[in-house]
Amino acid sequence: MALEGRRRSPDPGAADLGAILVMTRLAPCLLMAAGVLLSACERSGDTRSAVSAPGAPESGKTRLLEAGADALQDKSPVAAINTYLDGFHFYSDRQDAQMEAHHYCSILNEELIQCLIFDGNGRDAKMMGIEYIISARLFDALPAQEKPLWHSHAYEVKSGQLVAPGVPQPAEKALMKKLVGSYGKTWHTWHTDLDKTLPLGVPQLMMGFTADGQAQAAMVEERNRRMRIDAEAKRRDRADIAAPAPSPQANGWLHGKAWQITDPTGNAHAHRQDDDYSRASEPDRNARSSR
């Protein structure tokens, strides 16, 4: 992963961060091309999708159409995706229903990032949601009723849970300094923790962790082993990153405002939705629980 030098925003800060990531990523790879084997260029921790979607295999005609479209069509919005982040989410109203989330993001400007979320990082990965990331300044300007839908990133950064796989430590730390005071709003549209064939039901609001002991230890440890991540080393390295206290209006689930969407089909979800974001009391059968 590298932040490309091309930016839609002329902001010099964005360009500086991009330059850091490009140079720190390319330098060891250039050495490797000269015959020096460096782990920074190795691809490790591939995560295959756990979902097997139904459907006939691609035909030769379809593959030919794909190749032609790939060669001829402009895909600027997709080409702008240049940052890979890996972390964890849970359903807003059920902290014990948790999963890993692979984010592929484009940095629109210094205060807004948009991400596509997948259940893996290989070609077979299934797109399962989106996340918008905004600065504290933009968050502060949101309407009061909007703020509980957003989650803070301070703990995810400081704990070492949020990582940028494949990026050398100095560049990753620079990126984490940018994210530590930000807020995210996340919707999962394919609940791949349970729906193993097709996306069912309706989108669900997701949240991020805010303290030790919330994330399932086995889930985090498995990710760390697979991606060869030393979370404790990252926690120590990020200790000097200044983290502003999260707004008490964010992380609605912490304050009795765990809002969720009711499924009109009555099948995939069993939520009770209240206008005041009160905590839903009925379980969601579409999520896997640790209980």
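Residues numbered from 1 in each chain as written. Predicted model: local features only at pLDDT ≥ 70, side-chain atom pairs only at ≥ 80, totals over all residues. Heavy atoms only, no water.

Peer 1: Is there a simple way to think about helix α7 (residues 217–227) in this case?
Peer 2: In an α-helix there are 3.6 residues to a turn, and that puts residues three or four apart on one side. Within the span of α7, buried status applies to M219, V220, R223, N224, R226 and M227. The arc that holds the buried residues of α7, viewed along the axis, is 165°, so those residues lie on one side. Turned more than 90 degrees away from the buried face of α7, the exposed residues are A218 and R225. Those residues of α7 that are buried are in contact with β1 (83–91), β2 (94–109) and α8 (231–237). In the segment just after α7, R228 is the residue with positive phi, at about 55°. (Buried < 20%, exposed > 50% of the residue type's maximum accessible area, 1.4 Å probe, protein only. Helix = DSSP H or I, 4+ residues; strand = E, 2+ residues; numbered from the N terminus. Arc of directions from axis to C-beta. Contact = heavy atoms within 4.5 Å.)

Peer 1: When you look at the side chain of K185 in this model, what are you seeing that I'm missing?
Peer 2: Counting through the fold element by element, K185 comes out in strand β6 (residues 183–188). Accessibility expressed as a relative area gives 16% for K185, which makes it buried. Side-chain polar atoms of K185 contact the side chain of E146, separated by 2.7 Å. Residues contacting K185, with those up to four places away along its chain left out, are I130, E131, Y132, E146, L149, W150, H151 and L205. (Polar contact = N/O pair within 3.5 Å; in protein donor to acceptor, adjacent residues only side chain to side chain.)

Peer 1: Please clarify how empty space enclosed by the protein should be interpreted in this entry.
Peer 2: Over the atoms rolls a probe the size of a water molecule, and in doing so it shows where empty space is left. A complete count under the given rule lists 1 cavity of 30 Å³ or more for this structure. Taken as a whole, the largest cavity spans an internal volume of roughly 90 Å³. What lines the largest cavity is L85, F88, H89, H103, E131, I133, H151, H153, E156, L162, L179 and S182. For the lining of the largest cavity, the secondary structure elements donating two or more residues are β1 and β4 (127–134). The element that contributes the greatest number of residues to the lining of the largest cavity is β1, accounting for 3 residues. (1 Å grid on protein atoms, 1.4 Å probe; cavity = no way out; pocket = protein on both sides within 12 Å on 5 of 7 lines; lining within 4 Å. Points joined across faces, edges and corners; volume = space filled by probe spheres on them.)

Peer 1: Just to check I follow, could you spell out the packing of aromatic side chains for this structure?
Peer 2: Remark: the centre distance and the inter-plane angle together describe each pair of aromatic rings, the angle taken between the planes. All chains considered together, the criterion is met by 6 aromatic pairs. Taken together, a centroid distance of 4.6 Å and an interplanar angle of 0° make the contact between Y84 and Y104 stacked. In this pair, Y84 is assigned in strand β1 and Y104 in strand β2, connecting sequence segments 20 residues apart. Ring-pair connections join several aromatic residues into one group, and the members of that group are Y84, Y104 and F118. (Phe/Tyr/Trp six-rings, centres within 6.5 Å; stacked < 30°, edge-to-face > 60°.)

Peer 1: What exactly am I supposed to notice about the pairing of β4 here?
Peer 2: Remember that side chains alternate between the two faces of the sheet whenever the strand is regular. As defined by bridge partners, strand β3 (residues 112–118) adjoins β4 across 7 bridges and the pair is classed as antiparallel. Paired with L116 across the two strands is I130, which belongs to β4. Pairing geometry for β4 and β6, over 6 bridges, is antiparallel. Looking at the pairing, I130 lines up with W187 of β6. (Pairing = 2+ DSSP bridges.)

Peer 1: Please explain the nonpolar core as it appears in this structure.
Peer 2: Counting 19 residues, the largest nonpolar core has F139, W150, Y183, L205, F209 and M219 as the members making the most contacts within it. Look past the residues within four positions of F139 in its chain and what remains in contact with it is I134, K147, W150, Y183, S247, Q249 and A250. In terms of nonpolar packing, the next biggest core, distinct from the first, is built from 17 residues, I133, A154, V157 and L162 among them. (Core = buried A, V, L, I, M, F, W, Y, C linked by side-chain atoms within 4.5 Å.)

Peer 1: I keep staring at the state of the cysteines and nothing clicks. Help me out?
Peer 2: Here a disulfide denotes one covalent bond, and it connects the sulfur atoms of two cysteines. Here the structure, examined in full by the defined rule, presents 1 disulfide. The disulfide bridge from C105 ends at C115, spanning 2.1 Å between sulfur atoms. Here C105 and C115 share a disulfide; its torsion about the S-S bond, 105°, makes the bridge right-handed. With a gap of 10 residues between them, C105 in strand β2 and C115 in strand β3 connect regions that are remote in the sequence. (Disulfide = S-S within 2.5 Å.)

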